[in-house]
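Given next are the chains, with one letter for each unit.
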Amino acid sequence: MVIIAGMPTSMPLRPSRPKKRAAADSSRALTRENWVEAATEVLVDQGIDHVRVDVLAQQLNITRGSFYWHFRDREELLRAVLQAWHDASTAQLTKRLVDAREDPRQQLRNVISLPHRGRAAQRAARIELAIRAWARRDEMARKALDESDASRLRYHQDIFEALGYGAAEARLRAFVTYGCEVAESLLHRQGSPTDRRERQQFLEQLSLQPLQPKAPEPPVAAPAEPVGVDAGQARRKRRATA
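As the structure is a computational prediction, the values presented were derived from the model and not from experiment.

Visitor: Please give an account of the pattern of salt bridges that cites residues and values.
Guide: Throughout the structure, instances matching the rule amount to 17 salt bridges. Between Asp 99 and Lys 95 there is a salt bridge, with its nearest N and O atoms 2.7 Å apart. Taken together, the positions of Asp 99 and Lys 95, both in helix α4 (residues 74-99) and four residues apart, correspond to about one turn of that helix. Overall, Asp 99 belongs to the partly exposed group, its relative accessible area being 44%. Judged by relative accessible area, which is 52%, Lys 95 ranks as exposed. What you see here is one network of salt bridges that share partners, running through Glu 128, Arg 132, Asp 149 and Arg 152.

Next up, the structure:
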């Protein structure tokens, strides 16, 4: 019999688990997503060079060895970071907008409004800025970024084609509109809330503005005949010099 807090009990005390087993249980409790989220935070705050296993283990208060329950190596973790970013910022977002089944004009309004959606938009912009900085120096990140940009541009082009524009013009309008959205997400601190609302409304109007028909080029004037030379002589002279 043992005494616990001054009271008798006949329950025997359980032996403590081996430390190795406890570490393994802790490793399993920490999910793959936890590592990806921690890596993303370090990427945003400190840059890609600091996304290392030792840094993340210290941040998560866990041993480095637990990392290998979920990833083979650092490269696999970095691929998972890029995939998670693509899924959240492109694939899932585009699917949600498409599934809303709204008319094309409202879809356009929705995508233009994305950089203006409060803290969620600001966090997304911080992650995207870090991804773009990483992509300038790393082929794997650049490829992932190019694929996301291309997917977003295709979605914008689909909207403009649904609004009645031909494929060529829809592609150009999509590029200009998407470029403005990216700039807005990176420059979201510029101006007051009123300024940002005005920019949002202006971009919608601008993206739908009809193009002015191209003015015909003026006809090219024929060269003047030399003074004192008859027309036949002038033509013979031009043929001779041709």
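Once the structure has been displayed, the description carries forward.
Visitor: Let's hear about the layout of surface pockets: which residues, and what values?
Guide: Summary: where empty space remains is shown by rolling a probe the size of a single water molecule over the atoms. Volume-wise, the largest pocket comes out at about 950 Å³. What lines the largest pocket is a set of 35 residues, among which Ala 88, Ser 89, Thr 90, Leu 93 and Ala 124 lie closest to the centre. Elements supplying a minimum of two residues to the lining of the largest pocket: α2 (32-46), α4, α6 (118-135), α7 (139-162) and α8 (167-186). For the lining of the largest pocket, the element with the highest residue contribution is α4, accounting for 11 residues.

Visitor: Describe in detail the packing of aromatic side chains, supporting the description with residues and values.
Guide: One pass over the full model with this rule turns up four aromatic pairs. Seen from their ring centres, Trp 35 and Phe 67 are 5.3 Å apart, and the 80° between their planes marks the pair as edge-to-face. Remark: Phe 67 occurs in the loop between α3 (53-60) and α4 and Trp 35 occurs in helix α2; sequence separation between them is 32 residues. In this pair, the class of Trp 35 matches that of Phe 67, namely buried.

What counts, and where the lines are drawn
- Every chain's residues receive numbers from 1 upward, in the order its sequence appears when written.
- Two thresholds apply to this predicted model, a pLDDT of at least 70 for residue-level local features and 80 or more for giving and counting side-chain atom pairs, whereas whole-chain, interface and lining totals are computed over all residues.
- The basis for every side-chain value is the complete set of heavy atoms in the structure, and neither hydrogens nor water enter the calculation.
- Put simply, a salt bridge is a Lys or Arg side-chain nitrogen that is within 4 Å of an Asp or Glu carboxyl oxygen.
- Only DSSP runs of H or I with at least four residues qualify as helices, and only runs of E with at least two residues qualify as strands; both kinds are numbered from the N terminus onward.
- Working definition: with a 1.4 Å probe on protein chains only, accessible area under 20% of the residue-type maximum means buried, over 50% means exposed, and in between means partly exposed.
- Buried and open spaces are told apart on a 1 Å grid over the protein atoms alone, a cavity being a set of points where a 1.4 Å probe fits but cannot get out and a pocket being an open set with protein on both sides within 12 Å along at least five of seven lines. Residues with an atom within 4 Å of a point are the lining residues.
- Grid points are joined across faces, edges and corners, and a volume is the space filled by probe spheres set on the points.
- Any two of the Phe, Tyr and Trp rings considered here, Trp counted by its six-membered ring, make a pair once their centres fall within 6.5 Å; the pair's planes then place it as stacked at under 30 degrees, edge-to-face at over 60, or tilted in between.

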